[in-house]
Amino acid sequence: AGHGDAKAGQWALGYENALSKRTVLYTTYASVNNNGVGRDAGFVSSVGAGYNPGNGYQRSAAVGIRHSF
């Protein structure tokens, strides 16, 4: 079976806020969407996390603080 029509799309959004000269608060959000052919072809594993195929959709979020020494 050909998998030539397998496709994936991804978008991400991030924001940083300086708390001081050396400390930054950050947050990110990302989403990956694989079409039906991509899900059937195992494209999810190559684009996203293979342990969570999740019907072709994967989302992640992160929040943290970065400090430079």
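Enquirer: Which parts of the structure should I look at to understand the packing of aromatic side chains?
Expert: The way to describe two aromatic rings as a pair is by their centre distance and the angle between their planes. This structure, assessed with the given rule, holds one aromatic pair. Taken together, a centroid distance of 5.5 Å and an interplanar angle of 45° make the contact between W11 and Y29 tilted. Here W11 is found in strand β1 (residues 8-18), whereas its partner Y29 is found in strand β2 (residues 23-34), with 18 residues between them in sequence. Here W11 falls in the partly exposed class, since its relative accessible area comes to 47%. Look at Y29 and you get partly exposed, because its relative accessible area is 32%.

Enquirer: Help me understand the pairing of β1, please; the structure alone is not making it clear to me.
Expert: For a regular strand, side-chain orientation follows a simple rule: the groups alternate between the two sheet faces. The element β1 is largely exposed, with a buried count of zero among its 11 residues. Taken together, the 11 bridges between β1 and β2 define a ladder with antiparallel strand orientation. When the bridges of β2 are listed, A12 appears paired with A30.

Enquirer: Hey, could you run me through the confidence of the model for the protein in this one?
Expert: Atom-level detail of predicted coordinates should not be read off regions where pLDDT is low. Within the protein, residue pLDDT values average 77, and 62% of them lie at 70 or more. Below a pLDDT of 50 lies the segment residues 43-48, which in the model reaches 18 contacts outside its immediate sequence neighbourhood of four places, other chains included.

Enquirer: Explain the pattern of salt bridges to me, please; I cannot follow it from the model alone.
Expert: As a working rule, side chains carrying opposite charge can pair if their charged atoms are close by. As enumerated under the stated definition, the model contains one salt bridge in all. Two residues, R66 and E16, come together in a salt bridge whose shortest N-O distance is 3.0 Å. In this pair, R66 is assigned in strand β3 (residues 57-67) and E16 in strand β1, connecting sequence segments 50 residues apart.

Enquirer: Help me understand the pairing of β2 in this model?
Expert: Between the end of β1 and the start of β2, which pair antiparallel, lie four residues. Sheet topology places β2 next to β3; 11 bridges connect them, and they run antiparallel. Each residue of the ladder has a partner; that of V32, found in β3, is Q58.

Enquirer: What should I look at first to understand the sheet that holds β2 in this one?
Expert: Strand-to-strand pairing in sheets goes through backbone hydrogen bonds, with the strands running parallel or antiparallel. Reading across the sheet, the three strands line up as β1-β2-β3 and stay open at both edges, with antiparallel pairing between neighbours. Here the strands that pair on one side only, and so sit at the sheet edges, are β1 and β3. This sheet shows a mean twist of 10° between the axes of neighbouring strands, independent of strand direction.

Calculation notes
- Throughout this document, residue positions are counted from 1 along each chain, in the order its sequence is written.
- In keeping with the predicted nature of the model, local features appear solely for residues at pLDDT of at least 70, side-chain atom pairs appear and are counted solely at 80 or more, and the whole-chain, interface and lining totals rest on all residues.
- The side-chain numbers reported here are obtained from all heavy atoms of the structure, hydrogens and water having been left aside.
- Pairs were defined over the aromatic rings of Phe, Tyr and Trp, the Trp ring being its six-membered one, requiring ring centres within 6.5 Å. Orientation was assigned from the angle between planes: stacked under 30 degrees, edge-to-face over 60, tilted for the rest.
- Helix and strand assignments follow DSSP, with helices taken as H or I runs no shorter than four residues and strands as E runs no shorter than two, numbered in order from the N terminus.
- Exposed residues in this analysis have more than 50% of their type's maximum accessible area, buried residues have under 20%, and partly exposed residues fall in between, with area computed by a 1.4 Å probe over protein chains only.
- Strands were regarded as paired on the criterion that DSSP finds at least two bridges between them.
- Confidence per residue, as judged by the predictor, is encoded in pLDDT with a range of 0 to 100.
- Here a residue-residue contact requires only that any non-hydrogen atoms of the pair lie within 4.5 Å.
- We define a salt bridge as a contact between a side-chain nitrogen of Lys or Arg and a carboxyl oxygen of Asp or Glu at a distance within 4 Å.
- Fitting a line to C-alpha atoms yields each axis, with helices limited to the stretch in contact; the angle taken between N-to-C directions then spans 0 to 180 degrees.

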